[in-house]
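These are the residues of each chain, in order.
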Amino acid sequence: MFVRCSALGVAELVTHLDEPVSLVFWVPTLFGGGALVLLGVFRLTAPAWRSILLVSTGAAAASLATAWTLVLPLVAVVLVVLVVRVRSGPATPAAV
């Protein structure tokens, strides 16, 4: 999944090489957002709020550049929800 999204990001970047002003938008949002997501998912384990913050910020940044696809922003939302559930720990049953 990450490889496919990265390949599409690079392809999108190549199509905008003739417009240097747009590169100021594309490079930080695609690659910066992707780097934040990867750091939050694979690198940080504690504290949980940092991992959730990095993934949420990275997903939001990458979604700015790929909002026209409608699929990647939905995948980003699913990723954020999954990271929140995993990093928040197991749910404890209510005491009766």
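Computed from a predicted model, the values in this text were never measured in an experiment. (Residues numbered from 1 in each chain as written. Predicted model: local features only at pLDDT ≥ 70, side-chain atom pairs only at ≥ 80, totals over all residues. Heavy atoms only, no water.)

*Asks:* Tell me what's going on with the side chain of Ser63, and back it up with residues and numbers.
*Replies:* Along the chain, the position of Ser63 falls in helix H3 (residues 48–66). Polar contacts involving the side chain of Ser63 include one to the main-chain carbonyl oxygen of Ala59, which spans 2.7 Å. If near-sequence neighbours (up to four positions away) are discounted, Ser63 is found in contact with Pro73 and Ala76. (Helix = DSSP H or I, 4+ residues; strand = E, 2+ residues; numbered from the N terminus. Polar contact = N/O pair within 3.5 Å; in protein donor to acceptor, adjacent residues only side chain to side chain. Contact = heavy atoms within 4.5 Å.)

*Asks:* So what's going on with helix H4 (residues 71–87)? Residues and values would help.
*Replies:* The first and last C-alpha atoms of H4 sit 24 Å apart over 17 residues, in line with the 24 Å expected at 1.5 Å per residue. Taken together, the buried positions of H4 are Pro73, Ala76 and Val83. The buried residues of H4 occupy an angular sector of 80° when the element is viewed end-on, so they sit on one face. When the buried face of H4 is taken as reference, the exposed residues oriented beyond 90 degrees from it are Val71, Leu74, Val77, Arg85 and Val86. In the core, the buried residues of H4 are packed alongside helix H2 (20–43) and H3. Backbone geometry just downstream of H4 places Gly89 in the positive-phi region, at approximately 90°. (Expected span 1.5 Å × (residues − 1). Buried < 20%, exposed > 50% of the residue type's maximum accessible area, 1.4 Å probe, protein only. Arc of directions from axis to C-beta.)

*Asks:* Give a description of H3 that names residues and reports values.
*Replies:* Counted at 1.5 Å a residue, the expected span for H3 with its 19 residues is 27 Å, and the 27 Å between its end C-alpha atoms agrees. Those residues of H3 that sit buried are Ser51, Ile52, Val55, Gly58, Ala59, Ala61, Ala62, Ser63, Ala65 and Thr66. Turning to H3, the residues buried within the fold contact H2 and H4.

*Asks:* Explain the packing of H2 against H4 residue by residue, including any values.
*Replies:* At a minimum axis distance of 11 Å, the contact between H2 and H4 shows a crossing angle of 25°. It follows from the interaxial angle that H2 and H4 lie roughly parallel. For the crossing formed where H2 meets H4, the hand is left-handed. In this structure, H2 contributes Val37, Gly40 and Val41 to the contact, and H4 contributes Leu79, Val83 and Arg87. In terms of residue class, the contact of H2 with H4 is built from 4 nonpolar, 1 polar and 1 charged. (Axes fitted to C-alpha atoms, helices over the stretch in contact; angles between N-to-C directions. Parallel < 35°, antiparallel > 145°, perpendicular 65-115°, else oblique. Left-handed = near helix turned anticlockwise from the far one by under 90°. Nonpolar A, V, L, I, M, F, W, Y, C, P; charged D, E, K, R; others polar.)

*Asks:* So what's going on with a nonpolar patch on the surface? Residues and values would help.
*Replies:* Among the surface-exposed residues, Val10, Val14, Leu17, Val27 and Phe31 lie close enough to one another that they form a single nonpolar patch of about 420 Å² accessible area. If you list the elements that add at least two residues to the nonpolar patch, you get helix H1 (2–15) and H2. You can see Val10 is positioned in helix H1. For Val10, a relative accessible area of 40% puts it in the partly exposed group. (Patch = residues over 30% accessible without salt bridge, like charges linked within 9 Å, V, L, I, M, F, W, Y side chains within 5 Å. Areas by Shrake-Rupley, 256 points an atom, 1.4 Å probe, with all protein chains shown as cover. Salt bridge = Lys/Arg side-chain N within 4 Å of Asp/Glu carboxyl O.)

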